[in-house]
Amino acid sequence: MAHRMASPLDVDRIRKDFPILERRLAGDRQLVYLDSANTSQKPRAVIDAVTEHYERHNANVARAVHQLGEEATAAYEDTRDKVAGLISAPSRDEIIFLKNASEALNLVANTLASGLAEDPRYRLGPGDEIVITEMEHHSNIVPWQLVARRTGATLRWFGLTDDGRLDLTDLDELINTRTKIVSMVYQSNILGTVNPVERIAARARDVGALVLVDAAQAVPHMPVDVTALAEHGVDLLAFTGHKMCAPTGVGVLWGRSEVLNSLPPFLGGGEMIETVAMEGSTFAPIPHKFEAGTPPIAQVVGLGAAVDYLTGLGLGAIHEHEQVLTAYALDRLAGVDGVTVIGPAEPVDRGGTVSFTVDGIHPHDVGQVLDEHGIAVRVGHHCARPVCVRYGIPATTRASFYLYTTTAEIDALVDGIDEVKRFFG
Amino acid sequence: MSESLYQEIILDHYKNPRGRGLREPFDAEAHHVNPTCGDEITVRVRLDGDTLADVSYDGQGCSISQAAASVLHELLTGHTLTDSAVAGTAFTEMMQGKGKVEGDEDILGDGIAFTGVARYPARVKCALLSWMALKDAVHRASTEKVG
């Protein structure tokens, strides 16, 4: 047995910050929440920030000259600074608030497909290639399939190795001078794999392709530095608030200023314009160019509180804590007869999202019986059906961890799986 | 424990499926999938006039979806298309009844064991999967015969 690291977090204290973790379920069972990759729970500080916004500062942003409008705008724009700080963005203007990571990915795909960019590097057309991977979330597959159909570009992808990693054997062939954009997931939401984005981005930069990173499962769980990533060739990065202790309804697209300035607008509407005439319009500079209409103001305020909360604890410490949990979970699950982990079996370059199958028992049945014990997991294909097809399984059961997860909860999961096997055995 | 969802009857059909396997000859078949969980079922029907001479099936998925197919086979094989339609309507009503609609055992046989499933919205689709596939297969068989 390898030396086991201790968690740097005081998890007992952290758990007190999350009111829902006190929740008793039907039958007075304690909640064991192992579904944070789906959505994270919210700390008191975030809930309070949203409530306070509505109770004291509610107004529309950037439109009102009154005091409430100024307060709401200040809180909204403060979050932009906080998010820029969180991911080490060189400029606050490179932070775009959208409704979720899916919208961010769709924004990039659709603006490239629109054909409206002046610079041909930002226009997709016949003969161009789009490169994704087989472990993408559907939100990073379907938009590209749609724009490939619309533009005549070709969609290509990296396959997976048997141990749940990207097969980079064809790196130099797959990413070539025809490649216009490479869009890849940082940490897989089904396999837990953390991909070598720097290596892939470097190849893309060499051939002049854009690089978009889906960081929905990365930013909540580890330090992410877009200035450093940009040096390796990463141009754009998408993530969502609700997986990082913030409310639902707010996502973030970061992009290098040069790239965001070159992309045409996505949605048209209020606040994204400079001047509007019936004959045509000119557009606001970034970030507002991409923020049409009234944004999710309270949600952005909640995101600001979430960033404060996470950075107060330290993303490095959160990451270490999850590494400890992941090692513990992989070790314990390896000892359960009939359980097969789908994804990297070692806690190296992988995060705290652990998918597995239980021999002869469908994941829906696994999840249902676990729920009877108060254990919340996700079952299904996790919006990454090609991964299930690749490994010849219809679905998986997925346990995912966060800063408030304990090893005792992983023990409860293992006991629960024993119950499942007894029940259907 | 999950008694209300996993009735003994359901577990029995799951562990000892009746009439499983796709059989020849057949007049039509339908393949249905539940996109949220990957349950799959193929249902074949052979008609003899107005009678379902055989209902055969194969698939993979959770206990609810697979047990429902077994119940379907047992309940409807040898019965008329009218009986099948009545049972299909009754089963659908029960599954959409949020656990408050008790099935009629004379119409649904072992199918009444699924009434508890109706309390779990995520699982209703699993229970209905083979019934929807049957409806499709019967429709195809009937229209093809007429046409």
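Residues numbered from 1 in each chain as written. Chains lettered and ligands numbered in written order. Predicted model: local features only at pLDDT ≥ 70, side-chain atom pairs only at ≥ 80, totals over all residues. Heavy atoms only, no water.

(A) Structural detail: the overall build of chain B. What chain B contains, in helices and strands, is five helices and three strands. Mapped in sequence order, the helices and strands of chain B form the string α-β-β-β-α-α-α-α. Against the 2.2 N^0.38 benchmark of 15 Å for 147 residues, chain B shows a C-alpha radius of gyration of 14 Å, consistent with a compact globule. Along the three orthogonal principal directions, the C-alpha set of chain B runs to about 50 × 30 × 25 Å. Here chain B, with 147 residues, has 51% of them falling under the buried criterion. The contacts in chain B between residues at least 6 apart in sequence include a share of 61% that link residues at least 24 apart. In the form shown here, chain B has an accessible surface area of approximately 6,700 Å², with 51% of it arising from carbon and sulfur atoms. Within chain B, the 22 negative side-chain charges are centred at a point lying 6 Å from the centre of the 14 positive side-chain charges. (Helix = DSSP H or I, 4+ residues; strand = E, 2+ residues; numbered from the N terminus. Rg over C-alpha atoms; globule rule 2.2 N^0.38 Å. Buried < 20%, exposed > 50% of the residue type's maximum accessible area, 1.4 Å probe, protein only. Contact = heavy atoms within 4.5 Å. Areas by Shrake-Rupley, 256 points an atom, 1.4 Å probe, with all protein chains shown as cover. Lys, Arg positive; Asp, Glu negative; His and termini not counted. Charge placed at Lys NZ, Arg CZ, Asp CG, Glu CD.)

(B) Structural context of the overall build of chain A. Summing up its helical and strand segments, chain A has 14 helices and 17 strands in all. Rg of the C-alpha trace for chain A: 22 Å, near the compact-globule value of 22 Å for 425 residues, within the 12% margin. Taken along the three principal axes of its C-alpha coordinates, chain A extends 70 × 55 × 35 Å. Relative to its 425 residues, chain A shows a buried fraction of 57%. Across chain A, contacts joining residues at least 24 apart in sequence account for 74% of those joining residues at least 6 apart. A total accessible area of about 16,600 Å² is found for chain A, and carbon and sulfur atoms account for 51% of it.

(C) Looking closely at the pattern of salt bridges. Residue and element names in this part refer to chain A. Considering all chains together, one arrives at 29 salt bridges over all chains under this definition. The residue Asp119 makes a salt bridge to Arg121 at a minimum N-O spacing of 3.0 Å. Assessed through its relative accessible area of 25%, Asp119 is described here as partly exposed. Residue Arg121 is classed as partly exposed on the basis of its relative accessible area, which comes to 41%. It is possible to trace a salt-bridge network through shared partners that takes in Glu77, Arg80, Asp81, Arg92 and Glu291. (Salt bridge = Lys/Arg side-chain N within 4 Å of Asp/Glu carboxyl O.)

(D) Local environment of the sheet that holds strand β14 (residues 353–358) of chain A. All names here are of chain A. Ordered in space as β13-β14-β17-β16, the four strands form an open sheet in which the pairing is antiparallel. Because the sheet does not close on itself, it has two edges, and the strands there are β13 (339–342) and β16 (378–380). Across the sheet, the axes of successive neighbouring strands diverge by a mean angle of 30 degrees, strand direction being ignored. As paired strands, β14 and strand β17 (residues 396–400) are joined by four bridges and run antiparallel to one another. When the sheet's bridge partners are listed, Thr353 is paired in β17 with Ser400. (Pairing = 2+ DSSP bridges. Axes fitted to C-alpha atoms, helices over the stretch in contact; angles between N-to-C directions.)

(E) The arrangement of the nonpolar core in detail. Residues and elements named next belong to chain A. Residues Tyr186, Leu237 and Leu403 are the most contacted members of the largest nonpolar core, which totals 82 residues. Per element, the largest residue contribution to this core is nine residues, and it comes from helix α10 (residues 297–313). Aside from chain neighbours lying at most four places away, what touches Tyr186 is Thr193, Val194, Asn195, Val197, Val213, Asp214, Ala215, Ala218, Met222, Val224 and Leu229. (Core = buried A, V, L, I, M, F, W, Y, C linked by side-chain atoms within 4.5 Å.)

(F) Expanded view of the environment of A:Thr240. Residues and elements named next belong to chain A. Following the sequence through the fold, Thr240 ends up in strand β9 (residues 236–240). A residue is classified by how much of its surface remains accessible, and Thr240, at 2% relative accessible area, is buried. In sequence terms Thr240 and Arg422 are 182 residues apart; their C-alpha atoms lie 39 Å from each other. Setting aside anything within four residues of it in sequence, one finds Thr240 in contact with Asn100, Ala101, Ala216, Val250 and Gly251. Separated by 3.5 Å, the side chain of Thr240 and the backbone oxygen of Val250 make a polar contact. (Polar contact = N/O pair within 3.5 Å; in protein donor to acceptor, adjacent residues only side chain to side chain.)

(G) Quick peek at a nonpolar patch on the surface. Residues and elements named next belong to chain A. Residues Ile273, Val276 and Phe283 make up a contiguous nonpolar surface patch of roughly 250 Å² in combined accessible area. As for its placement among the helices and strands, Phe283 is situated in strand β12 (residues 280–283). The class of Phe283 is partly exposed, set by a relative accessible area of 39%. (Patch = residues over 30% accessible without salt bridge, like charges linked within 9 Å, V, L, I, M, F, W, Y side chains within 5 Å.)

(H) Representation of the side chain of A:His362. Looking at the element boundaries, A:His362 is found in the loop between β14 and α12 (363–372). A polar side-chain atom of A:His362 sits 3.2 Å from a polar atom in the side chain of B:Asp39.

(I) Seen up close, helix α2 (residues 63–76) of chain B. Residues and elements named next belong to chain B. In this model, α2 (14 residues) spans 20 Å end to end at C-alpha, consistent with the 20 Å of a helix rising 1.5 Å per residue. Counting buried positions along α2 gives 13 out of 14 residues, so the element sits mostly inside the fold. In the stretch just after α2, Gly78 is the one whose phi turns positive, near 90 degrees. (Expected span 1.5 Å × (residues − 1).)

(J) Spatial organisation of helix α3 (residues 81–95) of chain B. Its 15 residues give α3(B) an end-to-end C-alpha distance of 21 Å, which sits within 8% of 21 Å, the value for a rise of 1.5 Å per residue. The set of residues buried in α3(B) consists of B:Leu81, B:Ser84, B:Ala87, B:Gly88, B:Ala90, B:Phe91, B:Thr92, B:Met94 and B:Met95.

(K) Broad picture of the packing of aromatic side chains. Applying the stated criterion across every chain, the model contains ten aromatic pairs over all chains. The ring of B:Phe26 has B:Arg44 sitting right over it, with the charged end atom 3.9 Å from the ring centre. (Phe/Tyr/Trp six-rings, centres within 6.5 Å; stacked < 30°, edge-to-face > 60°. Lys NZ or Arg CZ within 6 Å of the ring centre and 35° of its normal.)

(L) Spotlight on the pairing of strand β1 (residues 28–34) of chain B. Residues and elements named next belong to chain B. Taking every second residue as pointing to the same face, the buried face of β1 carries Ala28, Ala30, His32 and Asn34, while none of Glu29, His31 and Val33 on the other face is buried. Note: β1 against strand β2 (residues 39–48), seven bridges, orientation antiparallel. From the neighbouring strand, Glu29 faces β2, where its bridge partner is Arg44. Hairpin geometry of β1 and β2 is characterised by an intervening segment of four residues between the two adjacent antiparallel strands and by a positive phi of about 85 degrees at Gly38.

(M) Here's a closer look at the interface of chain B and chain A. Residue-level contacts link 21 residues of chain B with 16 residues of chain A. In this assembly, chain B packs against chain A so that about 1,500 Å² is buried in total across both faces, 54% of it on carbon and sulfur atoms. A salt bridge links B:Arg123 to A:Asp365, with the shortest nitrogen-to-oxygen separation between them at 3.1 Å. The tally of links between chain B and chain A comes to nine residue pairs in polar contact (both at pLDDT 80 or more). (Buried area = accessible area lost by both parts, 1.4 Å probe.)

(N) Summary view of the sheet that holds β2(B). Residues and elements named next belong to chain B. Spatially, the three strands line up as an open sheet ordered β1-β2-β3, and their pairing is antiparallel. The open sheet has two edge strands with one neighbour each: β1 and β3 (51–60). Mean inter-strand twist for the sheet, computed between neighbouring axes without regard to direction, equals 20 degrees. Of the strand pairs in this sheet, β2 and β3 are connected by nine bridges, and their pairing is antiparallel.

(O) How the structure looks around the environment of B:Gly116. Residues and elements named next belong to chain B. In this fold, Gly116 is placed in the loop between α4 (105–108) and α5 (121–146). Assessed through its relative accessible area of 3%, Gly116 is described here as buried. Expressed as a C-alpha distance, the spacing of Gly116 and Leu5, which sit 111 residues apart in the sequence, is 4.9 Å.

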